[in-house]
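Residue strings, one per chain:
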Amino acid sequence: MKINLSNAVKFESRHNGPTEAEIAEMLGKIGASSLEELISQTVPDAIRSQKPLDLPQAKLESEFLADFKKLASKNKVFKSFIGMGYYDTIVPGVILRNVLENPGWYTAYTPYQAEIAQGRLEALINFQTVVMELTGMELANASLLDEGTAAAEAMTMLHAVKPRAKKTANKFFVDEKVFAQTKAVLETRAEPIGIDLVFGSIDSLDLTDPELYGVMFQYPDAEGAVRDYSSIVAAAKENNVMTAFASDLLALTLLTSPGEMGADVVVGSSQRFGVPMGYGGPHAGFFATKEDYKRQIPGRIIGVSVDRAGNKAYRMALQTREQHIKREKATSNICTAQVLLGVMASFYAVYHGPKGLKDIALRTHGLAKLTAQALQQVGLEIGDQAFFDTIQVKMNEVAMERVRGLALGAKMNFRYEEGSIFISFDETKTLEDVKKIVSIFATEEGKHTLNLDELVAGLELELPEGLARTSEYLTHPVFNSFHAEHEMLRYIKRLENKDLSLVHSMISLGSCTMKLNATAEMIPVTWPEFGQIHPFAPMDQALGYQELFTNLRTWLTEITGFADTSLQPNSGAQGEYAGLMVIRAFHQNNGEGHRNVALIPTSAHGTNPASAVMAGMKVVLVKCDEKGNIDIEDLREKAQAHSQDLSCLMVTYPSTHGVFEVGIQEICQIIHDNGGQVYMDGANMNAQVGLTSPGRIGADVCHLNLHKTFCIPHGGGGPGMGPICVAAHLAPFLPGNPIVKTGGTKAVSSVSAAPYGSASILPISYAYIAMMGGDGLTNATKMAILNANYIKERLDGHFPILYTGTQGRAAHEMIVDCRGFKEVGVEVEDIAKRLMDYGFHAPTVSFPVAGTLMIEPTESETKAELDKFCDALVSIRAEIKEIEEGKADKENNVLKNAPHTSQMVLVGEWDLPYSREKAVYPLEYVKENKFWPSVRRIDSAFGDRNLMCSCIPVDAYASEEEMA
């Protein structure tokens, strides 16, 4: 046998599920002679790419990691004292290894199927409890994208709920000491919807202004100062003005909470609760408010309800898929959360408990106070004497430059602004760091370094009256029970075992693309060279990141057929918004700012109309025909009717119905002929990469869901990333940042707080593209289409498929019509819950068509896994047939009672009209690796009627047991 020294296993063969033999079998089943024939029957010839992707040659996993380590080494990890909402933190090892690096946590999907997501939901309830108790508010959501987004949502929510006396008021006052990056996001969001944003000193605020509806403070502020806002808040209330605080959870362990001062909303970031800085993200922003606003709170809220057995159970409350219900009337386009990061922050609070958190805060404050006292003894002027972790050192420019040089020599980054140096402390800093800092300033002043022992001995917490916290927090047992690592480990595992994720089985969610998140892609995420860089660190300390950004932008631009890319948007919905704001700026630059009509097909993702409204646009809906395609004549009529004010068309391709519409180029041309731009929603890019592109089709801008097509894990509902790619004429308007130069020459203002969004997860998509190469990415698209069409053929004759292309093929997903089963009382929800008994997460339920399942298998699943899934659905169809034929009762059957828990089977008498085995082992394969739902079907309506969004009190469990 010959030896081939270049015969190494390509990453592509690990990523794509089907083997060559399986591909042949599947092609035989679907009636295609070759993969190429299938693709030609699926993707219209007119839009097929004419040349292969121009990307670097694919790397082996080991080769990539070695090369990427070299790139990472170009980032310099200095000690950061920059602050501004980003702080170094210690990720407890038990959380690092068992959550952040654990696919059981990071590969789960958004908890829409609550019965198999009880672990994540409990962790998120813990997160909400932490936020509510530290902020002193009545209600909190399950996180937002970042602090800037949370602040913008506060501004718009308060505008929506303002008192009747302020019905016409549109002015929102923002303290000039709010973080600069937050102010930039507020500016972006305010202008298109007509909010008059005013920045200034709180001391000059006129609360009697009839046009003023809301005020925002930073507490502690950007200069580190803390002050008592109680009197201002009280005066605001007297004048029907609402108040929002941007705050810091760690500081609130020592400071009086904003809730106790009377705040209406409190926002911020939970990053310093054990989540690395990561050059700006991802981090879980928080949003807390009063119960009065529970129907207006943006994002997701986790609530407590009961299951069929009366047991307490968690599920998403109130806002679930709000955008798909309210569409252009939605209060926000936020349809995701930072779940994985919120989970980490909640576990951090559980692990440390109230005492541990307070000790961290005291130590952090103590280091700042010690430094301030020492520098005063050196003869320097210190700013406000009431602070938490940040001190201000006032200096002239010449002295500041000398300090900068000395600090950089000591590998320390301070924050330098006109006439001041700001130094922020965190839990990673030590007494030795203080000594170095004092030495730097003493050297600059030409003085001897001080002996700090005496100052250390005299340190006391001395906050001004009214600012020292006296109220308790985190008293629930969950925050006071798991401080030993062994117990914490077991708690994390106990929750993990309640959740179904990709480690168990395929998750076939249409439009959500739950593909392999390869280990080699994930490894660099926790390298310190990526995790421990501050987003506003000097550029020469982040050259590795800059090289990563340059390459990734180049690759994504090539893949989409466009001219440039912005990596800033940190979710798909943010990408939509960013793309629309770029289009808006383009029209304004051309003197056509009146163009504000967005045409949106009725089949569009719900976030599309919500994003359009946020961008100041008027939504006009376009019909779809009976095959699910855009009604081109209706589109033409509406484009011509609005030709004078047409801004854009928002279109998803392949369509949300899972079809490559043959008229897409004509559709784009109609829009261009009438003066508009074409925005393409990139949710379905997994069917385009290497075969066609948005640029080829005729679009002008698209966003890419990196957490879908490009392998960033969904993380149980976040993080995500939504970069936008644009044609050359839109490139000048790509979003900027007030601190770090990004974007085009005529950049729109920030859509996310950090200049490059959630930078620390970009290595995942970078790794995927680098290891797949152009051919590998193209083959992945072909495999995705093959797998989808194989499922379609396997289900043929059992379920109707709602839409197909002109030659009877599906794209990468399909819609299975379940509406006919209503005749025998079976709802699509019953099928979704019954799939849990077979060990599967349901496909997308009732979107984009009510009463249907949208199935997307992705390229990563093997034929064996596809067959198990199809066997499960075919078996469920047989169970429905039993009801149709009268062999099973319409109300008391395996579908209506699903899912079945172990407790149902093991405890008490079995009184159901089918066997235990049929309930929990419906097919032979299930016995090999049974996943047990931890609760029975949950009553969501009960939870909405009895809203409770914090940890369940212990006495609630006690009363439950007594009743039993």
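Residues numbered from 1 in each chain as written. Predicted model: local features only at pLDDT ≥ 70, side-chain atom pairs only at ≥ 80, totals over all residues. Heavy atoms only, no water.

## Overview of the overall build of the protein chain
For clarity, the threshold we go by: What counts as a helix is a DSSP run of H or I of at least four residues, what counts as a strand is a run of E of at least two, and both are numbered from the N terminus. A radius of gyration in this sense is built from C-alpha atoms; the matching globule rule multiplies 2.2 Å by the number of residues raised to 0.38. Only protein chains enter the accessibility calculation, which uses a 1.4 Å probe. A residue is then buried if its area is under 20% of the maximum for its type, exposed if over 50%, and partly exposed in between. Residues are treated as being in contact if the distance between any of their heavy atoms lies within 4.5 Å. Note on areas: Shrake-Rupley, 1.4 Å probe, and residue coverage restricted to the protein chains presented here. In this count, Lys and Arg are taken as positive residues and Asp and Glu as negative ones, while His and the chain termini are left out. Charge positions are represented by NZ for Lys, CZ for Arg, CG for Asp and CD for Glu.
Counting secondary structure elements, the protein chain contains 33 helices and 26 strands. Taking 30 Å as the expected radius of gyration for a compact globule of 964 residues, we find that the protein chain reaches 28 Å, a close match to that expectation. Dimensions along the principal axes, computed over C-alpha positions, put the protein chain at roughly 85 × 75 × 70 Å. For the protein chain, the proportion of its 964 residues judged to be buried stands at 64%. Counted over contacts in the protein chain with a minimum sequence separation of 6, partners at least 24 positions apart contribute 78%. Roughly 33,600 Å² of accessible area belongs to the protein chain as shown, and the carbon and sulfur atoms make up 49% of that amount. Averaging the positions of the 89 positive and the 118 negative side-chain charges in the protein chain gives two centres separated by 2 Å.

## A closer look at the environment of Glu558
Looking at the secondary structure, you find Glu558 in helix α20 (residues 543-560). Spatially, the C-alpha atom of Glu558 lies 7.0 Å from that of Leu53, the residues being 505 residues apart in sequence. In contact with Glu558, not counting residues within four places along its chain, are Lys51, Pro52, Leu53, Asp54 and Leu55.

## Regarding the packing of aromatic side chains
Note the cut-off: Each pair of aromatic rings taken from Phe, Tyr and Trp, with Trp reduced to its six-membered ring, is defined by centres within 6.5 Å and is described as stacked if the planes are under 30 degrees apart, edge-to-face if over 60, and tilted in the remaining cases.
Taken as a whole and judged by the stated rule, the model has 37 aromatic pairs. With centroids separated by 5.5 Å and ring planes inclined at 80 degrees, the aromatic side chains of Phe81 and Phe425 adopt a geometry described as edge-to-face. With a gap of 344 residues between them, Phe81 in the loop between β1 (79-80) and α5 (93-100) and Phe425 in the loop between β15 (420-424) and α15 (431-445) connect regions that are remote in the sequence. When the centroid spacing of 5.9 Å and the interplanar angle of 80 degrees are considered together, the rings of Phe799 and Phe821 count as edge-to-face. Separated by 22 residues along the polypeptide, Phe799 in the loop between α26 (762-795) and β23 (814-817) and Phe821 in the loop between β23 and α27 (828-837) bring together distant segments of the chain. A connected cluster of aromatic rings, assembled from ring pairs, spans Phe64, Phe68, Tyr279, Trp527, Phe530, Tyr545, Phe549, Trp555, Tyr756 and Tyr766.

## Re unusual backbone geometry
With an omega dihedral of 5 degrees, the bond running from Gly281 to Pro282 counts as a cis peptide bond. With respect to the element layout, Pro282 can be found in the loop between β7 (265-269) and β8 (285-289). Geometrically, the link from Ala898 to Pro899 is a cis peptide bond, its omega value of -5 degrees lying close to zero. Its place among the elements puts Pro899 in the loop between α28 (863-884) and α29 (902-906). One non-glycine residue, Met84, lies in the positive phi region at around 60 degrees. Secondary-structure assignment places Met84 in the loop between β1 and α5. In this structure Met84 comes out as buried when scored by relative accessible area, which is 7%. The phi torsion at Ser511 lies on the positive side, around 70 degrees, for a residue other than glycine. Looking at the secondary structure, you find Ser511 in the loop between α17 (485-496) and α18 (519-522). Note on Ser511: relative accessible area 3%, which makes it buried.

## Notes on the nonpolar core
Threshold: Remark: nonpolar core denotes a set of buried residues (Ala, Val, Leu, Ile, Met, Phe, Trp, Tyr, Cys) joined through side-chain atoms within 4.5 Å.
Counting residues in each nonpolar core, the largest one holds 228 residues, and the members touching the most others are Phe273, Phe347, Leu599, Ile769 and Ile831. Broken down by element, this core gets its largest block of residues, 18 residues, from α26. Apart from residues no more than four positions distant in its own chain, Ile769 is found in contact with Leu55, Leu552, Trp555, Leu556, Ile559, Phe710 and Leu777. Counting 35 residues, the second-largest nonpolar core is a separate cluster that includes Leu158, Val185, Leu186 and Met216.

## What to know about the environment of Pro535
If you trace the backbone, Pro535 turns up in the loop between α19 (528-531) and α20. You can call Pro535 buried: its relative accessible area is 0%. Residues Pro535 and Ser643, 108 residues apart in the sequence, show an inter-C-alpha distance of 43 Å.

## Some words on the sheet that holds strand β9 (residues 301-307)
Going by this rule: A pair of strands is labelled paired if DSSP reports no fewer than 2 bridges between them.
A sheet is described by the order of its strands in space; here 3 strands give the open sequence β10-β9-β26, paired in antiparallel fashion. On the outer flanks of this sheet lie β10 (312-317) and β26 (938-939), each paired with one strand and no other. Across 2 bridges, β9 lies against β26 in antiparallel orientation. Counted as the bridge partner of Val306 is Asp939 from β26.

## Some points on the side chain of Asp681
Cut-off, in case you're wondering: Whenever a carboxyl oxygen of Asp or Glu lies within 4 Å of a side-chain nitrogen of Lys or Arg, that contact is scored as a salt bridge. As used in this structure description, the phrase polar contact means that two N or O atoms lie within 3.5 Å; if the pair is within protein, one of them must be able to donate a hydrogen and the other to accept it, and residues adjacent in sequence are counted only when both atoms belong to side chains.
Relative to the elements of secondary structure, Asp681 occurs in strand β20 (residues 677-682). Although Asp681 lies buried, it forms no salt bridge, and the closest oppositely charged side chain, Lys708, sits 6.1 Å away as judged by the N-O distance. Among the polar contacts made by the side chain of Asp681, one reaches the main-chain amide nitrogen of Ala683 at a distance of 2.9 Å. In contact with Asp681, other than residues within four places in its own chain, are Glu576, His605, Asn608, Val651, Thr652, Tyr653, His703 and Asn705.

## Re the sheet that holds β20
We count it as follows: Axis definition: a line fitted to C-alpha atoms, limited for helices to the stretch in contact. Angles are taken between N-to-C directions and run from 0 to 180 degrees.
Taken in spatial order, the 7 strands make up an open sheet running β16-β22-β21-β20-β19-β17-β18, and their pairing is mixed. Looking at strand neighbours, the two that pair on one side only are β16 (564-566) and β18 (618-622), the edges of this open sheet. With strand direction ignored, the average angle separating the axes of adjacent strands in the sheet is 25 degrees. Where β16 lies against strand β22 (residues 724-726), 3 bridges are found, and the strand directions are antiparallel. Residue pairing in the sheet places Thr565 in a bridge with Cys725 of β22. Along the sheet, α20 contacts β16, β21 (701-704) and β22; its crossing angle with β16, the most-contacted strand, is approximately 120 degrees.

## Things to note about the confidence of the model for the protein chain
Spelled out, the test is: How sure the predictor is of each residue is captured by pLDDT, a score from 0 to 100.
On average, the protein chain scores 95 in pLDDT, and the residues at 70 or more come to 97%. Ignoring residues within four places in sequence, the model shows residues 957-964, a span with pLDDT below 50, making 5 contacts including any to other chains.

## Looking at the pairing of strand β6 (residues 242-248)
Burial of β6 is extensive: 7 of the 7 residues sit out of reach of the surface. In the sheet, strand β5 (residues 212-219) pairs with β6 via 6 bridges, with the strands oriented parallel. Looking at β6, one finds that Gly214 is bridged to Met242. By the bridge criterion, 5 bridges tie β6 to β7 in an arrangement that is parallel. Counted as the bridge partner of Ala246 is Val267 from β7.

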